[in-house]
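If you want the building blocks of each chain, they are given just below.
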Amino acid sequence: MDKLVVEGGVPLQGEVRISGSKNAALPLLASTLLANGRHCFFNAPRLRDIRTMQTLLRYMGAVSTTEEALQIDTSKIHRFEAPYQLVKTMRASVLVLGPMLARYGRARVSLPGGCAIGARPINLHLKALELMGAEIKLDHGYVVARAGRLHGASITFDQVTVTGTENIMMAACLADGVTVIKNAAREPEVVALAEYLIAMGASIAGAGTPEITIFGVEELSPASCTVIPDRIEAGTYLVAAGITGGHLRLNGCRSDHLEAVIQKLTEAGLAINCEGDTIEVSRGSRVCSVNAKTQPFPAFPTDMQAQFMALMSIGSGVSLISENIFENRFMHVLELRRMGADIELDGRTAVVRGVKRLSGAPVMATDLRASASLVLGALAAKGKTEISRIYHLDRGYESIETKLSAVGAKIDRVKE
Ligand code: EPU
């Protein structure tokens, strides 16, 4: 297993190219099951989660290659199953459920188990598919779903769910009649998926608003598209500049996907300037402590909570950070405390009292964004930090140590 060794204290300077979005690419790959033939994705990130989704699609009979673009040929799908081995390494595997059921009338998908950040059930996905006419049983840890042709339905999600919205939107494209999803997720990744589905011939209105209407069609055809930039990777590098007191220029970004994050970081004392697809960020004086609450898009994202907490740990006062999406997404708190952060948990709120400086320590990554927060803490800390279990980082950050080294960080990947 690899670990990262970071010698902190260097203000980062230079340019970073932002990769394609993991959470946009995953549903795009799943959507290929809706139309036989060759689909083509430019700017897909080279990440472990993307390879897992490719493995899953290959298991089902797709041919997948990565050259200049990531291509998936779904002409010969012959297995309608997402096995436990793959779903347990990546929950987003459940995104194949809606497309498989809509296109082939059957699907067998392992139920995801518990997760480091919360229970994360898929009951809302299943309830919506039932409303569209699917018969769903649980059998030996698997969701077994059958349907003739799915039919349109009016679906109101009890809670905003990103992959739930994506799964149902995909299924509805081939359903008979009109589906309306209310309380839909508005994340940019949902909009990007809708745009690809429309390019395939789907008829969808309202993506990016809380109500999405999908008019079912008989058939879709493969298409090609460019994956949107990863807003969470960009947000993480914005914090990297802020926490080290550096100056970075991020290229290939969509600042309109980062408004809440940019607003919070500006309140925290970072100077941020957006122009075209570039965001420039620097910090002169000490980080100001500000409060943050995670909420669905367009509010402050849960996927930036851990990184923001690392920044607040060197703030000038007290910051209250509330996590409202996942009940257990504070696994980074104990590790940041090992680096000298002063953080107390009070239910779903972390009380972060800023300290002058963090200090390097051996720490362990527990999930993707928690791992990112430890890297950020390490970049700012005095002395050496060793971060183990970094396979989590490889799921979601393309070439993180190469990108950070190129802007001056002292960071090495070593075998444990
Ligand atoms: N929920 C249910 N039942 C469901 C579905 C969701 O109770 O059937 C609950 C969840 O337990 C959670 C809340 O609803 O408390 C929201 O979860 P959501 O379904 O929106 O999360 P997700 O779709 O599983 C995606 C991202 C996550 C990101 C969340 C929230 C992908 C592949 N994953 O997960 O990304 O944190 O939305 O924005 O898009 C990450 O990249 O590190 C990551 C975890």
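**Examining the overall build of the protein chain**
Link 1 in the chain: Each helix and strand in the protein chain was counted, giving 14 helices and 24 strands.
Link 2 in the chain: Its C-alpha atoms give the protein chain a radius of gyration of 21 Å, within 12% of the compact-globule value 22 Å for 416 residues.
Link 3 in the chain: Each principal axis of the C-alpha atoms in the protein chain carries an extent, and together these give about 60 × 45 × 45 Å.
Link 4 in the chain: Restricting the contact set of the protein chain to residue pairs at least 6 apart, pairs at least 24 apart contribute 74%.
Link 5 in the chain: Accessible surface computed for the protein chain: about 16100 Å², of which carbon and sulfur atoms make up 48%.
Link 6 in the chain: Side-chain charges in the protein chain split into 45 positive and 42 negative, and the spacing between the mean points of these groups amounts to 4 Å.

**Brief notes about the sheet that holds strand β1 (residues 2–7)**
Link 1 in the chain: The four strands are arranged β22-β23-β1-β24 in an open sheet whose pairing can be described as mixed. A strand with exactly one partner marks an edge of an open sheet, and here the two such strands are β22 (362–364) and β24 (410–415). In this sheet, adjacent strand axes meet at a mean angle of 25° when their direction is disregarded.
Link 2 in the chain: Bridge count for β1 against strand β23 (residues 384–388) is four bridges, and the pairing is antiparallel. Paired with Leu4 across the bridge in β23 is Ile387.
Link 3 in the chain: Sheet strands touched by helix α12 (residues 368–380): β1, β22, β23 and β24. Its angle to β23, the strand with the most contacts, is close to 165°.

**Some details on the site of the ligand**
Link 1 in the chain: Among the 22 residues in the neighbourhood of the ligand, the closest are listed as Asn123, Thr161, Thr163, Asp303 and Ile325.
Link 2 in the chain: Thr163 is positioned with one of its side-chain polar atoms (N or O) 2.6 Å from an oxygen atom of the ligand.
Link 3 in the chain: At 2.6 Å from an oxygen atom of the ligand is found a side-chain nitrogen or oxygen belonging to Asp303.
Link 4 in the chain: Of all the elements, helix α5 (residues 123–131) adds the most residues to the shell around the ligand, at three residues.

**So, the packing of aromatic side chains**
Link 1 in the chain: Taken as a whole, this structure holds three aromatic pairs when the rule is applied.
Link 2 in the chain: For the ring pair Phe80 and Tyr104, a centre distance of 5.0 Å and an interplane angle of 50° mean the geometry is tilted. Highlighted residues: Phe80 in the loop between β5 (70–73) and β6 (81–82) and Tyr104 in helix α4 (residues 97–104), separated in sequence by 24 residues.
Link 3 in the chain: For Tyr104, a relative accessible area of 22% puts it in the partly exposed group.

**What about the pairing of β5?**
Link 1 in the chain: With four bridges joining them, strand β3 (residues 38–42) and β5 adopt antiparallel strand pairing. Looking at β5, one finds that Phe41 is bridged to Leu70.
Link 2 in the chain: As judged from the four bridges shared by strand β4 (residues 63–66) and β5, these two strands associate in the antiparallel manner. Looking across to β5, one finds that Thr66 is bridged to Leu70.

**Quick notes on the sheet that holds strand β9 (residues 142–146)**
Link 1 in the chain: One open sheet holds the four strands; their spatial order is β6-β7-β9-β8, and the pairing between them is mixed. In this open sheet, the two edge strands, each paired with only one partner strand, are β6 and β8 (135–139).
Link 2 in the chain: With five bridges joining them, strand β7 (residues 106–110) and β9 adopt antiparallel strand pairing. Looking across to β9, one finds that Ser110 is bridged to Tyr142.

**Some remarks on helix α6 (residues 162–173)**
Link 1 in the chain: Across its twelve residues, α6 extends 17 Å between first and last C-alpha, which sits within 8% of the 16 Å expected from 1.5 Å per residue.
Link 2 in the chain: Among all positions in α6, only Gly164, Thr165, Glu166, Asn167, Ile168, Met169, Met170, Ala171, Ala172 and Cys173 are buried.
Link 3 in the chain: In this structure Thr161 caps α6, since a side-chain oxygen of it lies 3.0 Å from the backbone nitrogen of Gly164.

**Details of the side chain of His257**
Link 1 in the chain: Its location among the elements puts His257 in the loop between β15 (247–251) and α9 (259–267).
Link 2 in the chain: Overall, the relative accessible area of 9% leaves His257 in the buried class.
Link 3 in the chain: In contact with His257, other than residues within four places in its own chain, are Pro188, Ile228, Arg231 and Phe297.

**A few points about the nonpolar core**
Link 1 in the chain: Of all hydrophobic cores here, the largest spans 78 residues; its most connected members are Met53, Met132, Met169 and Leu197.
Link 2 in the chain: Beyond its immediate sequence surroundings of up to four residues, Met132 is in contact with Leu150, His151, Ala153, Ile155, Ile168, Ala171, Ala172, Ala175 and Thr179.
Link 3 in the chain: Grouped together as the second largest cluster of nonpolar side chains are 68 residues, Cys253, Met312, Met339 and Val363 included.

**Regarding the packing of helix α10 (residues 305–312) against α12**
Link 1 in the chain: At their nearest, the axes of α10 and α12 sit 7 Å apart, and the two run at 25° to each other. Viewed along their axes, α10 and α12 adopt a mutual orientation that is roughly parallel. Where α10 crosses over α12, the handedness of that crossing is right-handed. Residue-level inspection shows Ala306, Gln307 and Ala310 of α10 in contact with α12, the latter providing Arg369, Ala370, Ala372, Ser373, Leu376 and Gly377.

**Some details on the pairing of β23**
Two faces, one strand: in a regular strand the side chains alternate between the faces of the sheet.
Link 1 in the chain: By the bridge criterion, three bridges tie β22 to β23 in an arrangement that is parallel. Looking at the pairing, Val363 lines up with Ile387 of β23.
Link 2 in the chain: With α12 bridging β22 and the parallel β23, this β-α-β connection has right-handed handedness.

The rules behind the values
- Residues numbered from 1 in each chain as written.
- Predicted model: local features only at pLDDT ≥ 70, side-chain atom pairs only at ≥ 80, totals over all residues.
- Heavy atoms only, no water.
- Helix = DSSP H or I, 4+ residues; strand = E, 2+ residues; numbered from the N terminus.
- Rg over C-alpha atoms; globule rule 2.2 N^0.38 Å.
- Contact = heavy atoms within 4.5 Å.
- Areas by Shrake-Rupley, 256 points an atom, 1.4 Å probe, with all protein chains shown as cover.
- Lys, Arg positive; Asp, Glu negative; His and termini not counted.
- Charge placed at Lys NZ, Arg CZ, Asp CG, Glu CD.
- Pairing = 2+ DSSP bridges.
- Axes fitted to C-alpha atoms, helices over the stretch in contact; angles between N-to-C directions.
- Near = heavy atom within 4 Å.
- Polar contact = N/O pair within 3.5 Å; in protein donor to acceptor, adjacent residues only side chain to side chain.
- Phe/Tyr/Trp six-rings, centres within 6.5 Å; stacked < 30°, edge-to-face > 60°.
- Buried < 20%, exposed > 50% of the residue type's maximum accessible area, 1.4 Å probe, protein only.
- Expected span 1.5 Å × (residues − 1).
- Core = buried A, V, L, I, M, F, W, Y, C linked by side-chain atoms within 4.5 Å.
- Parallel < 35°, antiparallel > 145°, perpendicular 65-115°, else oblique.
- Left-handed = near helix turned anticlockwise from the far one by under 90°.
- Right-handed = clockwise from strand over helix to strand, strands pointing away.

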